[in-house]
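Structural description and commentary
Here is what each chain is made of, one letter per residue.
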Amino acid sequence: MSGLQALQDYASSSSDDNEEDFTQNPAHKTNGKRQQNALLPSLPPEILGMFGEPSKSHSSSGQQDSSSHHEGRVRSFEHVAGNWATYVYIPVDITEQLKTVMEDLLGALPSTVDMKPVADLHISISRTVTLQYQWIDPFVDSLLQRLTSVEGFTYCFQDLEFYINDEKTRSFVGLKVGYGHPEMLQLVEVINVCLKEFSLPVFYKDPSFHVSFGWCLGDYSKVLSATTLSSIQERFLRLCENGFLPVTVSEVWCKAGCKQFRIPLAR
């Protein structure tokens, strides 16, 4: 008997020993089984999903995923029921200095580029990958085991850059990390080990650690030319002539779907 069959039988049948008790009275046998089925809890879909069979309650046939639900944004990968988008990041708190700089720079962009503010400011230290539900906790455990031995550090933003996503469907403007870059590389190396354990793609080879604070739909790489970038960078340097205050990193976070996990670093 397969593992899945055994689990399904748990919710639908009685033991062989109890079967003999009901053979002399068919009506009693039927009522007994109904009573047992009413008492036994149904298996959660996550358990059945571990054995490769689709769960009716999690079937994707009834779900419609439209770009209209995400402000026109297109998914980097197809939505599959049971797969959770997962990534590791460093949260960025909005200070008064950072808020002033971001608002000023967004307002200085060409009028043809309708950049919207990014609500959730963070620095990505992994790609966005997909994990099946049952692998989320083991993946987070792997991160905890390795990252808690990595010491915390400080970083500063140093430059401004324009970015395009891999699918060339969205454009971004972001602040690049200068001081603290080697320490973030160390984090990435550790996280990459965890990703490889689960046969997931590692982070970019030469990452540009940054916080995106503005985004828009489409590829604006031609509009946001080198001349535009140079002009915005000069404005950025004037705004930050006294430099950014250093930011301390004492923890990183892993987000899997709607779940978030705090991972403290060593002190």
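Naming follows an unreviewed UniProt entry, where the protein chain appears as U6 snRNA phosphodiesterase of Acanthaster planci. Reading the Sequence similarities (unreviewed entry) entry of the UniProt record for the protein chain gives the comment "Belongs to the 2H phosphoesterase superfamily. USB1 family." Of the comments in the UniProt record for the protein chain, the one headed Subcellular location (unreviewed entry) reads "Nucleus".

1. A closer look at the overall build of the protein chain
Scanning the protein chain from terminus to terminus reveals eight helices and 11 strands. A total of 267 residues make up the protein chain; the buried ones form 31% of that total.

2. Looking at unusual backbone geometry
Of note in the backbone geometry, Lys-168 takes a positive phi value of approximately 60° without being a glycine. Overall, Lys-168 belongs to the exposed group, its relative accessible area being 53%. The phi dihedral of Ser-199 is positive, around 55°, even though this residue is not glycine. Along the chain, the position of Ser-199 falls in the loop between helix H7 (181–197) and strand S8 (210–217).

3. Some details on the packing of aromatic side chains
Counted according to the given criterion, the structure contains nine aromatic pairs. Of the aromatic side chains, those joined through ring pairs into one cluster are Tyr-155, Phe-157, Phe-236 and Phe-244. In this structure, Arg-127 is placed above the aromatic ring of Tyr-204, and the distance from its NZ or CZ to the ring centre is 4.0 Å.

4. Let's talk about the nonpolar core
Core analysis: the biggest nonpolar cluster contains 56 residues, and Ile-123, Leu-147, Phe-157, Leu-160 and Leu-175 have the highest contact counts within it. Here this core gets seven residues from one element, more than from any other, and that element is H7. Excluding residues that lie within four positions of it along the chain, Leu-147 makes contacts with Leu-187, Val-190, Ile-191, Val-252, Ile-263, Pro-264, Leu-265 and Ala-266.

5. Here's the deal with the UniProt feature "active site" (unreviewed entry) in the protein chain
UniProt tags His-122 and His-210 as "active site" (unreviewed entry). With the annotated positions falling across 89 residues, the maximum pairwise C-alpha distance of 8.1 Å places them together in a single cluster. If you trace the backbone, His-122 turns up in strand S3 (residues 122–124). Among the residues examined, His-122 registers a relative accessible area of 19% and is labelled buried.

6. Topic: the packing of helix H6 (residues 136–147) against H7
The angle between the axes and the distance between the axes are what describe a pair of packed helices. Between H6 and H7, whose axes approach to 10 Å, the crossing angle comes to 145°. Here H6 and H7 pass one another in a crossing that is right-handed. Facing Phe-139, Ser-142, Leu-143, Arg-146 and Leu-147 of H6, the residues of H7 in contact are Leu-187, Val-190, Ile-191, Val-193, Cys-194, Leu-195 and Glu-197. Taken together, the residues that form the contact of H6 with H7 break down as nine nonpolar, one polar and two charged.

7. Section: the packing of helix H5 (residues 96–107) against helix H8 (residues 226–239)
Orientation of H5 relative to H8, taken along the N-to-C sense of each, is 155°, at an axis distance of 10 Å. Our classification of the angle between H5 and H8 gives roughly antiparallel. Considering the relative orientation of H5 and H8, their crossing is right-handed. Contacts from Val-101, Asp-104 and Leu-105 of H5 reach H8 at Ile-232, Arg-235, Phe-236 and Leu-239. Partitioning the contact of H5 with H8 into residue classes produces five nonpolar, no polar and two charged.

8. A short note on H6
An ideal rise of 1.5 Å per residue puts 16 Å on 12 residues; H6 measures up with 16 Å between its terminal C-alpha atoms. Turning to H6, its buried residues number three or more, namely Ile-136, Phe-139, Val-140, Ser-142, Leu-143 and Leu-147. Projection of H6 onto a plane perpendicular to its axis shows the buried side chains occupying an angular sector of 155°, all on one side. On its buried side, H6 packs onto strand S1 (83–91), strand S4 (129–132), H7, strand S10 (251–256) and strand S11 (259–264).

9. Concerning the pattern of salt bridges
Inspection of every chain in the model, using the stated rule, returns four salt bridges. Among the salt bridges present, the one from Asp-104 reaches Arg-235, with a minimum N-O distance of 2.4 Å. You can see Asp-104 sitting in helix H5 and its partner Arg-235 sitting in helix H8, a full 131 residues away along the chain. Asp-104 gets classed as partly exposed once you look at its relative accessible area, which sits at 23%. Arg-235 gets classed as partly exposed once you look at its relative accessible area, which sits at 32%. Residue Arg-127 is joined to Asp-166 by a salt bridge in which the shortest nitrogen-to-oxygen separation is 3.9 Å. Residue Arg-127 is found in the loop between S3 and S4, and its partner Asp-166 is found in the loop between strand S6 (157–164) and strand S7 (170–177); the two are separated by 39 residues along the sequence.

Parameters at a glance
- Each chain carries its own residue numbering, running from 1 in the direction its sequence is written.
- Two thresholds apply to this predicted model, a pLDDT of at least 70 for residue-level local features and 80 or more for giving and counting side-chain atom pairs, whereas whole-chain, interface and lining totals are computed over all residues.
- The side-chain quantities take in all heavy atoms of the structure and omit both hydrogens and water.
- UniProt positions are given in the numbering used here, feature names are shortened, and annotations may be inferred rather than shown by experiment.
- A run of H or I in DSSP becomes a helix once it reaches four residues, and a run of E becomes a strand once it reaches two; helices and strands are each numbered from the N terminus.
- Burial status follows relative accessibility: with a 1.4 Å probe on protein chains alone, a residue under 20% of its type maximum counts as buried, one over 50% as exposed, and anything between as partly exposed.
- Between rings of Phe, Tyr and Trp, where Trp is taken as its six-membered ring, a pair exists when centres lie within 6.5 Å; planes separated by under 30 degrees are stacked, by over 60 edge-to-face, and by other angles tilted.
- Placement of a charge over a ring requires the Lys NZ or Arg CZ to be within 6 Å of the ring centre, with the centre-to-atom vector within 35 degrees of the ring normal.
- We define the nonpolar core as a collection of buried residues of types Ala, Val, Leu, Ile, Met, Phe, Trp, Tyr and Cys that are connected through side-chain atoms lying within 4.5 Å of one another.
- We call two residues contacting when some pair of their heavy atoms lies within 4.5 Å.
- What counts as an axis is a line fitted to C-alpha atoms, over the stretch in contact for a helix, and the angles between N-to-C directions run from 0 to 180 degrees.
- Two helices that cross are described as forming a left-handed crossing if the nearer one is turned anticlockwise from the farther one by less than a right angle, and a right-handed crossing if clockwise.
- Three classes are used: nonpolar for Ala, Val, Leu, Ile, Met, Phe, Trp, Tyr, Cys and Pro, charged for Asp, Glu, Lys and Arg, and polar for all others, with Gly counted as polar.
- Orientation labels follow simple angle bins: below 35 degrees gives roughly parallel, above 145 gives roughly antiparallel, 65 to 115 gives roughly perpendicular, and whatever is left gives oblique.
- Helix span is expected to be 1.5 Å times the residue number reduced by one.
- Throughout, the arc means that of the directions going from the helix axis to the C-beta atoms.
- Counted as salt bridges are all cases of a side-chain nitrogen of Lys or Arg within 4 Å of a carboxyl oxygen of Asp or Glu.

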